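# Coordinate analysis (summary)
Chain by chain, the residues run as shown.
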Amino acid sequence: MVGKHKIIGKPERRVDAWGKVTGKAKYAEDYTVGHQLWGKVLRSKYPHAKILSIDTSKASELLGVEAVLTAREIPGSNVFGIVVKNQQILADERVRFLGDGVALVAAKSKEIADHALALIDVQYELLPVVSDPEEALRPGAPLIHGDTNEFVHHKVRKGDVAKGFAEADFTIERKFKTQFVEHAYIEPEAVLAEPAEQGGVKITGSVQNLFSSRRSVAEALGISLNRVQIIQSTLGGSFGGKDEVMTSMCCRAALLAGRTGKPVKMVNTREESMLESYKRHPYVLYYKWGAKKDGTITAMEIRVVADGGAYASMSPFVTWRSVVQATGPYYCENVKTDVYAAYTNNNYTGAMRGFGSPQVDFAIESMMDELAEAVGVTPLEIRMKNGFEGGAVTATGQKLAHTVSLKEVLSKAAQELGFEEKWRRYRDAKAVAKRRGVGLACSYRGVSLGAEGVDAAQTTVSVQTDGSVIVSSGVTDMGQGAQTQMAQITAEVLGISVDRIQFLNTNTSGVADSGPTVASRGTVMGGLAAKNAAEKVRATLLEVGSELTGTPVDALDLADNYLVNERTNERLASFGELTAACFNKGRPMIGLGWHKAPRTSWHEEEGKGDAYFTFVYGANAAEVEVDTETGRVNVIDFVSVHDVGKAINRAMVTGQMCGGVAMGLGYGLLEEFEIEAGIPKQLNFDEYLIPTSMDVPRIKTVIVENEDPAGPFGAKSVGEPTNELAAPAIVNAIYNATGKRVYEIPANLERVFLGHKLTRHDKRGSEQKNAFDAVMVESCKVRGGSE
C-alpha cells in the first residue's frame, strides 16, 4: 500500500551517478557532429556606447568563414526577456555593458572564427557610464533604457509605521550593502545547433530553462514553437546561472545554423562566461526598526535598491521575493517596505541560488542581533520572543496555516552548537590573538514561484512491457538531484526499485512547458506531477492484476517489484509479468502527470497578499576563529537545520545542506565580482575567490520533517534555503568574537578591521599587521579586555 515509504526517505543512489563518476555523462561541449562550424561572438569594447558603424567585409572574405551576422541580419525579433523584453541578441544601435554581443561569426575552426572577429571594424561613440544603482536613480543620471532607470518598485504595507515608531522606546537604523556574485559553475556555457530535417532547428546544450529559451529562439528565427527543439545535456552546475545567458547563446547558434545550413557549436571560455553572464544582485539596504525595551518590534521601515545591471532579466521576480520576505519571520504590526531595481552599465543581474533572500536575510539577522544587544538578551532569546508561530500573520497579511517550525529549528541549531554558553563565554573573554565567536541566523522562505506567475509542471511515467520504466519531466536537473527525487517518488508509488527507472533529460518536444526550474520547485512541482502520473499507471496495473488473479483491487498492492495480496502477503506476480499481461490486454501503461500549485494572490498597489502556498524554515549556527594578527576568519564549526517537510532522499538533502553552507560561506567571507565604471575586474578564478575544501568547516546537519500536504509525501524545498543563512550567521559570529559589526559583505579583512578599500595585493597577502594591532587595541578597550 502506498504510504509505507519503502523508497521515500532512503539514501538511494542518484540516477545520474554512474554516468558522472565514470565519465560517460555527456556535457554540452561533448556533443560534436561532422562538418560542424564554430560560432563566436564579438563583444563590446565599452560598457556604454552608441554604435556608429559595423564593417564585416574583411571578416566575410577570410578563408574558412561561412557567415558573419549583425543585428540587422536577424530575421525575427532581436530582443528577448522572460519578464521584460529588452535584452539584445546582438546590439543594434547601442551597447549597454561589456558583455553585449555586436556580431557573430561561423567558421570551420575556432581559430579562424577568432581571427575573423579581429577583422570586424566597429566604430563607437562613447556614452556616459553609470555603475552605481543609487546614482542611476538620481535626476540627470545617464539613461540605459527609456526615460527612467527605475524599472522595479515593489512595496509592502501593513499597519501604520508612524504610529509604530511613536510607540517605540528606541529605534535602530542601519545601512547594509551586498556584492555582485559569480555563479562559478564548473562547466562554461555551450550549445550545438543543428538545422532540423523538416525545417527549424534542434539545439542541445547546457540550458537550465529550456522553454523560455525555445520561445526566444522561435521569435528570433520567425518560426513556430514546434519547429524549435531544445534538449538538455547533462549540466555541470548552474545555481540559477544558465538562463538568459543560455537563451542568447541558443539564439545566436540557431541564427548561424539557419544562415549556413550547417551545425554550429558555441562554447564560452571562462573569461567569456564571466564577462557576459549575469550575477547575483548587489543590494543597498536601509533598515529602520522601532522597538520596546522588552524587545518587541513595533515598526519596520525598509528601503532596498538593487543593481539590475544592463537588462531587466529576472530582477522583477527576484526583488518581489525580497519585498515579501524583507521583514523576516518576525512579528511586527507596522511595516513599510519599498524595493527598487535600477538599470546600470554593469553586468545584468538575475537568478542565483537564494533568489533575493540572501541579501535581505543578511540585513534582517544583523538587525536582530543588534536588537538583542540593545535590550540585553541573547540572540537566541530575541528570536524566540519575536519569531513566528502557528497562525502568525506575515508582513503581507498572510496567515500561516501550515506547521510553522521556526522555533523548533532555532532551538535545535542552538543546542547542537552549544550556542548560549559559548556566546556568553566568547563575549566576555579576554582579548587574545585568536578570538572565537558564535553567530545565529534563521529565516522563512516561500516555496516555489508563488504569486510571481503560473506555477505548473508535467512529468510522464511510461512503464515498458518488461517492467522497466521511463520517466521524463519538464522540470530540469542541473545537478541538484531533481531526477532522483522524481524517480524515488515514482518507484514508491509503483512499488518497484529505483534501478528499474531510466530518467530522460528534458526535451521541449517531448514534454509540456513546465515553467522555469527555479525557486526550489523541482521536488514539489515535478515530484507531485510524477506522483500523479505514477498513480494513473498504478491504478491500471492493479485493475489488470485483479482481473488476472480474481483478487479485489482493494486487497492488492505493488511492493518490492511484485504484485502482492496485501491481506495474505502472498506474491501473486512479478512486476514484469504484470506489465506484460497489461500490454497483452491492450491497456495503457503511460501516465501524464500534471500539477498546478495551490492558489496564491498578490495586490501590487496595496502591497499585500497570500504570496506563497507554504513556507520552509531554517536556522544556522556558526562558530568562527578570528586571527587578529593576519585578519583571517576561519569558520571552524557549523550547524545547519532545515525543515524540509519530508526528506525524499536523506543523503541528497544532507548534500544540499552542506553545499549551501559552503556557498553561503563564500558569499559571507570571500566572493565579490568587482566592477568599476562598468568594467569587471575578475574574469577567471585566479582572481575571483571562491571557497575551497580547506575553507569548509565541520558541518552538522539536522533534518527536521513536518510533512506538508502541499508537497509529494509531505516534501517541500531545501536547495535554496540552505544557502541564505550562512553569511549572516558568520557575520554575527565575527561580532561576538571581535565586537566589530560588519555592514557590508563579503566580510573580508578590510571591512572587519580596517574600514577602507584594500588593493588586491592586500587581500591576498596583507602587510597591514600594524593597522590590525592598532584597531584591535581599540576594540579591546571598547570590549573591556586587555591586550
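Residues numbered from 1 in each chain as written. Predicted model: local features only at pLDDT ≥ 70, side-chain atom pairs only at ≥ 80, totals over all residues. Heavy atoms only, no water.

## Thoughts on the confidence of the model for the chain
Interpreting fine coordinate detail is not advised for predicted regions of low pLDDT. Per-residue pLDDT for the chain has a mean of 93; in total, 95% of the residues score no lower than 70. Counted against residues more than four places away or in other chains, residues 755-787, with its pLDDT under 50, gives 54 contacts. (pLDDT = per-residue confidence, 0-100. Contact = heavy atoms within 4.5 Å.)

## Digging into the environment of Q179
Along the chain, Q179 falls in the loop between β10 (170-177) and β11 (190-195). Between the C-alpha atom of Q179 and that of F673, which follows or precedes it by 494 residues, the distance is 7.2 Å. Setting aside its immediate chain neighbours within four residues, Q179 contacts R280, H281, P282, Y667, E671, E672, I745 and P746. Among the polar contacts listed, one links the side chain of Q179 to the backbone oxygen of Y667, at a separation of 2.9 Å. (Helix = DSSP H or I, 4+ residues; strand = E, 2+ residues; numbered from the N terminus. Polar contact = N/O pair within 3.5 Å; in protein donor to acceptor, adjacent residues only side chain to side chain.)

## Brief notes about unusual backbone geometry
Backbone phi values are negative for most residues with the exception of glycine, while trans is the configuration of most peptide bonds. I745 connects to P746 through a cis peptide bond whose omega is 5 degrees. Along the chain, P746 turns up in the loop between α18 (726-738) and α19 (749-754). You will see that N569, though not glycine, has its phi angle at about 65 degrees, which is positive. The class of N569 is exposed, set by a relative accessible area of 65%. (Buried < 20%, exposed > 50% of the residue type's maximum accessible area, 1.4 Å probe, protein only.)

## Focus on the domain arrangement of the chain
With domains assigned, the chain is organised as domain 1 (17-24 + 456-596), domain 2 (31-127 + 189-267) and domain 3 (283-450 + 602-754). Relative placement of domain 1 and domain 2: their C-alpha centres are 38 Å apart. With 18 residues of domain 1 at the contact, the number on the domain 2 side is 16 residues. Buried surface at the junction of domain 1 and domain 2, both sides included, amounts to about 1400 Å², of which 48% is carbon and sulfur. On the domain 1 side of the contact with domain 2, M478, T508 and D513 bury the most area, a combined 42% of that side's loss. Where domain 1 touches domain 2, the interface holds one salt bridge. Residues D513 and R215 are paired through a salt bridge, measuring 2.8 Å at the closest nitrogen-oxygen approach. In this structure, the connection of domain 1 to domain 2 is made through seven residue pairs in polar contact (both at pLDDT 80 or more). Tallied by class, the residues present in the side of domain 1 that touches domain 2 amount to five nonpolar, 10 polar and three charged. (Domains from an automatic or database assignment. Buried area = accessible area lost by both parts, 1.4 Å probe. Salt bridge = Lys/Arg side-chain N within 4 Å of Asp/Glu carboxyl O. Nonpolar A, V, L, I, M, F, W, Y, C, P; charged D, E, K, R; others polar.)

## A word on the packing of aromatic side chains
The relation between two aromatic rings is expressed through the spacing of the ring centres and the mutual angle of the planes. Using the criterion set out here, one finds 17 aromatic pairs in the structure. Between the aromatic rings of F176 and Y287, the centroid separation amounts to 6.3 Å while the plane-to-plane angle is 85 degrees, which identifies the pairing as edge-to-face. Linking F176 in strand β10 with Y287 in strand β15 (residues 283-291), this pair joins segments that are 111 residues apart in sequence. For Y287, a relative accessible area of 0% corresponds to the buried category. (Phe/Tyr/Trp six-rings, centres within 6.5 Å; stacked < 30°, edge-to-face > 60°.)

## Describing the nonpolar core
If you look at the biggest cluster of nonpolar residues, it comprises 106 residues, and the most contacted ones within it are Y287, W289 and I730. Counting residues per element, this core draws most heavily on helix α10 (residues 357-375), which supplies nine residues. Those residues in contact with W289, other than ones at most four positions away along the chain, are F165, F170, T171, I172, I297, A299, M300, I364, M367, M368 and L371. With 45 residues, the next largest nonpolar core counts V447, V463, I489 and I496 among its residues. (Core = buried A, V, L, I, M, F, W, Y, C linked by side-chain atoms within 4.5 Å.)

## As for the pairing of strand β27 (residues 633-643)
The buried fraction of β27 is high, at 10 of 11 residues. Note: strand β26 (residues 615-627) against β27, 10 bridges, orientation antiparallel. Bridging across to β27, E623 finds its partner in D637. The antiparallel pairing of β26 with β27 creates a hairpin that spans five residues between the two strands, and G631 there sits at a positive phi of about 85 degrees. (Pairing = 2+ DSSP bridges.)

## Some details on the sheet that holds strand β30 (residues 698-704)
Strand order in this open sheet of four strands is β18-β26-β27-β30, and the pairing throughout is mixed. Edge positions in the sheet fall to β18 (434-446) and β30, since each has one partner strand and no second. Mean inter-strand twist for the sheet, computed between neighbouring axes without regard to direction, equals 10 degrees. With seven bridges joining them, β27 and β30 adopt parallel strand pairing. Opposite S640, over in β30, you have T701 as the bridge partner. (Axes fitted to C-alpha atoms, helices over the stretch in contact; angles between N-to-C directions.)

## Re a nonpolar patch on the surface
The grouping of I82, V83 and V84 at the surface amounts to a nonpolar patch, some 180 Å² of accessible area in total. Along the chain, I82 falls in the loop between β4 (79-80) and β5 (87-88). Residue class for I82 comes out partly exposed when judged on its relative accessible area of 35%. (Patch = residues over 30% accessible without salt bridge, like charges linked within 9 Å, V, L, I, M, F, W, Y side chains within 5 Å. Areas by Shrake-Rupley, 256 points an atom, 1.4 Å probe, with all protein chains shown as cover.)

## Some points on the pattern of salt bridges
Proximity of charged atoms lets side chains of opposite charge pair with each other. The full count for this structure, using the stated rule, is 44 salt bridges. The shortest N-O distance in the salt bridge between R14 and D16 comes to 3.0 Å. We note a salt bridge from R436 to E625, for which the minimum N-O separation is 3.5 Å. Of the two residues, R436 sits in strand β18 while E625 sits in strand β26, which places them 189 residues apart along the sequence. A relative accessible area of 35% places R436 in the partly exposed class. Three or more residues are tied together by salt bridges with common partners; here these are K40, R43, D114, R252, E272 and E276.

## Let's talk about the packing of helix α11 (residues 379-386) against helix α12 (residues 406-417)
In the contact formed by α11 and α12, the axes pass within 10 Å of each other and the chain directions differ by 170 degrees. Between α11 and α12, the interaxial angle falls into the category roughly antiparallel. Contacts between α11 and α12 pair L380, R383 and M384 from the former with K407, L410, S411 and A414 from the latter. For the contact of α11 with α12, the per-class residue count stands at four nonpolar, one polar and two charged. (Parallel < 35°, antiparallel > 145°, perpendicular 65-115°, else oblique.)

## Observations concerning helix α15 (residues 522-549)
With 28 residues, α15 ought to run about 40 Å at 1.5 Å a step, and its terminal C-alpha atoms sit 38 Å apart, in line with that. With 20 of 28 residues buried, α15 is to be regarded as a mostly interior element. Once α15 finishes, G550 follows within two positions and takes phi at roughly 75 degrees, a positive value. (Expected span 1.5 Å × (residues − 1).)

## Let's talk about the packing of helix α17 (residues 650-669) against α18
α18 packs onto α17 with a crossing angle of 55 degrees between their chain directions and a minimal axis gap of 7 Å. Between α17 and α18, the crossing angle belongs to the class labelled oblique. Classified by chirality, the crossing of α18 by α17 is right-handed. Counting all contacts with α17, which are made through V661, G664, L665, Y667, G668 and L669, the residues of α18 involved are A726, A727, I730 and I734. A breakdown of the residues in the contact of α17 with α18 according to their chemical character gives eight nonpolar, two polar and no charged. (Left-handed = near helix turned anticlockwise from the far one by under 90°.)

## Some points on the sheet that holds strand β25 (residues 590-596)
Spatially, the four strands line up as an open sheet ordered β21-β20-β19-β25, and their pairing is mixed. The open sheet has two edge strands, β21 (501-503) and β25, and neither has a second partner. Pairwise comparison of adjacent strand axes, ignoring direction, gives a mean angle of 20 degrees for this sheet. Of the pairings in the sheet, the one linking strand β19 (residues 456-463) to strand β20 (residues 469-473) comprises five bridges and is antiparallel in character. Residue pairing across strands places V461 opposite V471, the latter belonging to β20. Strands in contact with α15 are β19 and β25; relative to β25, the strand with the most contacts, it is inclined by about 145 degrees.

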